[in-house]
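# Observations on chain architecture
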Amino acid sequence: MVQENRIVKNFLEMVKISSPSKNEREIGDYLINVLKELGLEVTEDNAGKINGGNCGNIIGVLKADGKKKYLFSAHMDTVVPCEKINPIVENGIIKSDGTSVLGGDDKGGIAAIIEMLQVIKENKLDHPEIVVVFSMAEEIGLLGSKAFEIEKYSIDYGFILDSSGKPGKIITKAPSAARGKLTIVGKPAHAGISPENGINALTVAAHAITKIKLGRVDAETTSNIGVVSGGQATNIVMPTVELDYEARSLSNEKLNLLLEETFEVFEKVCKEFGATFENKVNVEYPGFALDDNENIVKIVMDACKSIGLKGETASSGGGSDTNIYNSKGIPSVNLAVGMTKVHTLEEYIEIKDLVDLSRMLVEIIKG
Ligand SMILES: [Zn+2]
């Protein structure tokens, strides 16, 4: 059924096509052809236009009237350096030549989806309605999935293939995250002649910082000030200070509450000192948390079991397209692809993992 040689050939072909975020045109065209040859109805949406990229999300539909609708998705863009990728196959592993990333994140996911479609076609397998989405610009803020009009497809379950770790790991929880600058604007003055005419922005920040929650807020929530920048010279009362802030939580409510509290403290302290507070912190993506006994988790667990893999749910520290689809009301999980040391020059993937993942997908559609 699943053919290792074919998966490896497709994977190598795809990683050699350079596809940094917003420059997915070439891989997009390649995938349009592949999906058409496999008998899917293929469209491209306007996510590229909306986000200033040269390629939209590539969407393929394999109809099955009256059946459940499953989304399978992986992203087309890779992080840099990916100008020229020379994959090396060695001892069951595919790695880069050390001058670039490999791009297994996320072409490993794409390769497994293509193999699943091949197997369905060759064996004329019964299948749910399958909606394949190869998304653009995931790595720079989930731009493709945010723009994708998923509501047009009435999806029942979403299977996103974009996690590191061995196949069998099922991400069912991921945090929501907020990030941005907190700026305090005080007032400059000569520090030696008339300090009383100035408002030191750092002093204001220091007062505020002692009153906010930083570090581990609770088991599900964290926050941090990672960069502080401000000041011009020792003889000038510091007029402005910028704090680069982030907060994450597995609970959207907790994150919102934390942000509210934090902003309130800064507003209040700034007012006390006569400074002004500028807030450029935004929620970048919402989190999600699926229960272990949700149907979609059961479907993946059963698929793992039938090919002898140990299925295991886990939570992630970061965001993926999975966050966006869950926030749009589609129960979705992020499945581990086997990609290792992603976003580094040492990135690699085991061929066995690509094969296992493809087999798992075939079991998922067999239901
Ligand atoms: Zn990824």
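Residue positions are given per chain, counted from 1 along the sequence in the order it is written. Residue-level local features of this predicted model are given only where pLDDT is at least 70; pairs of side-chain atoms are given and counted only at 80 or more, and the full residue set underlies all totals for whole chains, interfaces and linings. Heavy atoms from the whole structure form the basis of all side-chain values; hydrogens and water molecules are not counted.

### Some details on the sheet that holds strand E5 (residues 93-95)
Strands sit in the order E4-E5-E17 across an open sheet of three strands; the sheet is antiparallel. The open sheet has two edge strands with one neighbour each: strand E4 (88-90) and strand E17 (348-350). Here the strands of the sheet are splayed against their neighbours by 20° on average, with no regard to which way each runs. Note: two strands are recorded as paired if DSSP finds a minimum of 2 bridges between them. Helix numbering and strand numbering both begin at the N terminus, where a helix is a DSSP run of H or I of at least 4 residues and a strand a DSSP run of E of at least 2. Taken together, the three bridges between E5 and E17 define a ladder with antiparallel strand orientation. Across the sheet, Lys95 pairs through a bridge with Tyr348, a residue of E17. Interaxial angle, 0 to 180 degrees, is taken between N-to-C directions of lines fitted to C-alpha atoms, where a helix line uses only the stretch in contact.

### A closer look at the environment of Asn86
For Asn86, the position within the fold is in the loop between strand E3 (69-75) and E4. The partly exposed category is assigned to Asn86, whose relative accessible area is 32%. Placed 54 residues apart in sequence, Asn86 and Ile32 show a C-alpha to C-alpha distance of 23 Å. For Asn86, the contacting residues outside a window of four places in its chain are Lys95, Ser96 and Asp97. Pairs of N or O atoms are called polar contacts if they sit within 3.5 Å, as long as, within protein, a hydrogen donor faces a hydrogen acceptor (for residues adjacent in sequence, only side-chain-to-side-chain pairs). At 3.0 Å, the side chain of Asn86 forms a polar contact with the side chain of Asp97. Remark: exposure states derive from per-residue accessible area (1.4 Å probe, protein chains only) relative to the maximum for the residue type, with buried under 20%, exposed over 50%, and partly exposed in between. In this analysis, two residues are considered to be in contact whenever any of their non-hydrogen atoms come within 4.5 Å of each other.

### As for the packing of helix H8 (residues 295-306) against helix H10 (residues 351-366)
Packed helix pairs are characterised by how far apart their axes lie and by the angle those axes make with each other. Two elements in contact, H8 and H10, have axes separated by 8 Å at closest approach and are oriented at 125°. The pairing of H8 with H10 is recorded here as oblique in orientation. Handedness of the H8/H10 crossing: right-handed. Residue-level contacts link Ile299, Val300, Ala303, Cys304 and Ser306 of H8 to Met360, Glu363 and Ile364 of H10. Classification convention: Asp, Glu, Lys, Arg as charged; Ala, Val, Leu, Ile, Met, Phe, Trp, Tyr, Cys, Pro as nonpolar; all other residues, Gly among them, as polar. Residues of the contact of H8 with H10, tallied by class, amount to six nonpolar, one polar and one charged. Angular relationships are summarised with four words: roughly parallel below 35 degrees, roughly antiparallel beyond 145, roughly perpendicular across 65 to 115, and oblique for the angles in between. A crossing counts as left-handed when the near helix is turned anticlockwise from the far one by less than a right angle, and as right-handed when that turn is clockwise.

### Remarks on the packing of helix H4 (residues 104-122) against H10
Interhelical geometry of H4 versus H10 gives an angle of 50° and a closest axis separation of 8 Å. Overall, the two elements H4 and H10 adopt an arrangement that is oblique. Crossing handedness for the pair H4 and H10: right-handed. Facing H4, whose interface residues are Gly108, Ala112, Ile113, Glu115, Met116, Val119 and Ile120, H10 presents Leu354, Leu357, Ser358, Leu361, Val362 and Ile365. Here the contact of H4 with H10 is composed, by residue class, of ten nonpolar, two polar and one charged.

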